[in-house]
Amino acid sequence: MSDVQVYTPFRGGLPRLGPYARELWARRQFALELARTEIRTENTGTGLGQLWLVLNPLLLAFVYYVLTSILSGKPGGGARLAHIMAGLFVFYFFSSAVVGGAMSILSSSRLILNTAFPKMLLPISVVLVSFMRFLPSLGIYAVVHVVTGQPVRWQMLWGIVPLVLVLVFATGLAMLLATVNLYFRDTKSFLPYTMRVWLYLSPVLWLPEQVRGSLAFLRWANPLFPLLGSWSEAVVEGRAPQAWMLGAGAAWAVVALLVGAWALLSREREFAVRL
Amino acid sequence: MSSLSASEAFLGVPPVEIPAPLSVRVEDLHVTYRASLERRPTVARRLRRLGRGERVVREVHALRGVSFDVLQGQVVGVVGANGAGKSTLMRALAGILPPTQGRIEVHGRVSTLLALGVGFNAKLTGRQNVTLGGLAAGLDREEIARRYAEIADFAELGEDFMDMPMLTYSSGMYARLAFSVAVHMEPDILIVDEALSTGDARFKEKSFARMQELCAQARTIFLVSHGLSTITQLCTEAMWIDKGALVERGDPAKVVSAYRRFLKVGATAVTQEDV
């Protein structure tokens, strides 16, 4: 029994990162299984069952398409529908990962009080759930992309880069908010409104080129601007995204991950007495 | 005791015993919860409080300077009134609650059965929950698959029930499966908190046998129970905790009778049983 654990008082600060990372890696299957379980059980009561995974985003995209068509006074055409869908699907993946992630620690109080494990698994697992729910909507997008006559080119593969960056950005934010929500429980009540505004400030219902004048600050102040902008350029228009967008998106993602991981790791040992 | 030790004593040589390796060492352990009197800590309330200059944090000193060593292969019974700090001590040993002061050293892997079916999802089948529970405890999929038959046999629910959602289980069946998962994790240290009281008499006997088997393999067991006969039958030593302090420790029969005198109850059927 070489494996000796020593517990001493909590003083803030980070745990030893090596052992923590090993422990986290050893439980990766647990995070995955938690996510799968969530997906498997969430729609068991409804008539259409797992079909809701694709119906939800489809209906939502249609609602926003109608809304933008009415606001602009003319039907939007296929390109706009494709753009709204592509952006909205990724945005809803992001938003459900962050909102769910923010609640992930608080809602697992029973598990935390009775099992010792790296708490970072909880927000990660929620992000995985959102990602798994997002994947089938890519299939719908593919159909719409072809039906509305958008170009099919190899450059569309560039879309993988912003998608991974959104995943990283969402994970960081989920960790940060899961921690903050333990100390200020109002956080979760603000989130739905924040997300709604964030959607309108991101290039989902409009195109990245459309921001000018006093709104130009969104290009650098909104992390989702470069992330969703480059996603749309790659996937909808089939061209390599602008380099500054990928660079800015990557910077936001890395910063969010570092800050989120630091916040969670430095407070994690105190979680059990904060629940 | 024996004539051998008497003769050794006569020769002036103290009897030499090779002590079993250390399993758990607790030094001057204090655990304090900072219970906020507010049910939900929110920014608004915090601001209001700042304005009035009041503090609403009340400290609950759950453990006050507990120290002990436990060697491998011991079954330690823990008794004490409700709120004495037993569960807090168990959570601290499992690494769930950080000490406020003092030090805990744990040699080996800990498996906990602090509350029944933690990490279980009632919408999943028994079989899926064995996987989930095992992953939560830190095993990997292959190890769980290898132990599955043994776990299912031990719980004796029958194959039909193993493939039914756990929603359909009675509380006793639920408890049996949870117990079975916990004792098959091959822990070096098993911590059981009030979990034997659910099964029927036959299952209780089986659980006893299994725990004895575990100690024979030099595992250490901590058993919290209000069933005083369980403690005297099963444990090699006992601890009595009151108001966060270790009052007495030693031979289970002695500790239990001291505790009984304290409670001013005789050895009635009620105190003997796990009710």
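Look a little higher up for the structure.
Residue positions are counted from 1 within each chain, in the order its sequence is given. Each chain takes a letter, starting from A, and each ligand takes a number, starting from 1, following the order in which they are written. For this predicted model, a pLDDT threshold of at least 70 governs which residues receive local features, and a threshold of 80 or more governs which side-chain atom pairs are given and counted, while totals over whole chains, interfaces and linings are taken from all residues. No hydrogens and no water enter the side-chain calculation; it runs on all heavy atoms of the structure.

Caption draft 1: Structural context of helix α4 (residues 126-136) of chain B. Residues and elements named next belong to chain B. For α4, the buried fraction is high: 9 of the 11 residues fall into the buried class. Taken together, the buried positions of α4 are G126, N129, V130, T131, L132, G133, G134, L135 and A136. Runs of H or I in DSSP of at least four residues are treated as helices and runs of E of at least two as strands, each being numbered from the N terminus. Directly after α4, the chain includes G138, whose backbone phi takes a positive value near 100 degrees. Exposure is judged per residue with a 1.4 Å probe applied to protein chains only, and the accessible area is read against the type maximum: over 50% gives exposed, under 20% gives buried, and values in between give partly exposed.

Caption draft 2: Region of the structure containing helix α3 (residues 52-72) of chain A. All names here are of chain A. To estimate how far a helix should extend, the number of its residues minus one is multiplied by 1.5 Å. The first and last C-alpha atoms of α3 sit 30 Å apart over 21 residues, in line with the 30 Å expected at 1.5 Å per residue. All of the buried residues along α3 are L53, P57, A61, Y64, Y65, T68 and S69. Down the axis, α3 shows its buried residues gathered within 140 degrees of arc, on one side only. Those residues of α3 that are exposed and aimed more than 90 degrees away from the buried face are F62, V63 and I70. Note that the arc is computed from the directions linking the helix axis to the C-beta atoms.

Caption draft 3: Region of the structure containing the sheet that holds strand β7 (residues 220-224) of chain B. Residue and element names in this part refer to chain B. We call two strands paired when DSSP finds no fewer than two bridges between them. A sheet is described by the order of its strands in space; here 6 strands give the open sequence β5-β6-β7-β3-β8-β9, paired in mixed fashion. The outermost strands of the open sheet, each flanked by one partner alone, are β5 (110-113) and β9 (245-250). On average, adjacent strands in this sheet sit at an angle of 15 degrees to one another, irrespective of strand direction. The sheet contact formed by strand β8 (residues 237-242) and β9 spans 5 bridges and is antiparallel. Directly across from A238, in β9, lies its bridge partner G250. Fitted lines through C-alpha atoms serve as axes, helices being fitted only where they are in contact, and the angles separating the N-to-C directions of these axes extend from 0 to 180 degrees.

Caption draft 4: Geometry of the pairing of strand β6 (residues 189-193) of chain B. Residues and elements named next belong to chain B. Counting buried positions over the 5 residues of β6 gives 5, a clear majority of the element. Along β6, one buried face is formed by I189, I191 and D193 and the opposite face, lined by L190 and V192, is buried too. Of the pairings in the sheet, the one linking β5 to β6 comprises 4 bridges and is parallel in character. Each residue of the ladder has a partner; that of S111, found in β6, is L190. In this sheet, β7 lies alongside β6 in parallel orientation, the contact comprising 5 bridges. For L190, the partnering residue across the bridge sits in β7 and is I221.

Caption draft 5: Broad picture of the interface of chain A and chain B. Contact criterion: two residues are considered in contact whenever any of their non-hydrogen atoms come within 4.5 Å of each other. Facing the 34 residues of chain A at the interface are 45 residues of chain B. By definition, the buried area sums, over both parts, the 1.4 Å-probe accessible area that each loses when the two are put together. The contact between chain A and chain B buries some 3,600 Å² in all, and 57% of this surface belongs to carbon and sulfur atoms. We count a salt bridge whenever a side-chain nitrogen from Lys or Arg sits within 4 Å of a carboxyl oxygen from Asp or Glu. For the pair chain A and chain B, the interface holds 1 salt bridge. For R141 of chain B, the salt bridge goes to E33 of chain A, with nearest N and O atoms at 2.9 Å. Breaking the side of chain A that touches chain B down by element, the ones donating at least two residues are β1 (4-7), α2 (28-42), α5 (109-114), α7 (160-183) and α12 (271-274) of chain A. The leading source of residues in the side of chain A that touches chain B is α2 of chain A, at 8 residues. Class assignment for the residues of the side of chain A that touches chain B results in 17 nonpolar, 8 polar and 9 charged. Here β1 of chain A pairs with strand β4 (residues 101-107) of chain B via 4 bridges, running antiparallel. Of the residues in β4 of chain B, the one forming a bridge with Y7 of chain A is I104 of chain B. Amino acid classes used here: Ala, Val, Leu, Ile, Met, Phe, Trp, Tyr, Cys and Pro are nonpolar; Asp, Glu, Lys and Arg are charged; the rest, including Gly, are polar.

Caption draft 6: Spatial organisation of a nonpolar patch on the surface. Only residues whose relative accessible area exceeds 30% and that form no salt bridge are eligible for patches; like-charged ones are grouped when within 9 Å, while nonpolar side chains (Val, Leu, Ile, Met, Phe, Trp, Tyr) are grouped when within 5 Å. To be clear on the numbers: accessible area is Shrake-Rupley with a 1.4 Å probe, and residue cover counts the displayed protein chains and nothing else. A surface patch of nonpolar side chains, amounting to about 340 Å² of accessible area, comprises L14, L17 and W262 of chain A. Looking at the secondary structure, you find L17 of chain A in helix α1 (residues 17-26).

Caption draft 7: Quick peek at the packing of aromatic side chains. Aromatic contacts are taken between Phe, Tyr and Trp rings whose centres are within 6.5 Å, Trp giving its six-membered ring; a plane angle under 30 degrees counts as stacked, one over 60 as edge-to-face, and the others as tilted. This structure, assessed with the given rule, holds 19 aromatic pairs over all chains. Summarising the aromatic geometry, the rings of F93 of chain A and F131 of chain A are spaced 5.4 Å apart at their centres and angled 65 degrees between planes, so their arrangement reads as edge-to-face. Here F131 of chain A lies in helix α6 (residues 121-147) and F93 of chain A lies in helix α4 (residues 77-104), a separation of 38 residues in the sequence. Judged by its relative accessible area of 2%, F93 of chain A is buried. Within the aromatic cluster, the residues linked to one another by ring pairs are F91, Y92, F94, F169 and W198 of chain A. Over the ring of W25 of chain A we find R28 of chain A; its NZ or CZ atom is 4.1 Å from the centre of that ring. Whether a charge sits over a ring comes down to the Lys NZ or Arg CZ being within 6 Å of the ring centre and within 35 degrees of the ring normal. The positively charged end of K206 of chain B is found above the aromatic ring belonging to F154 of chain B, 4.6 Å away from the centroid.

Purely geometric numbers; function is a separate question.
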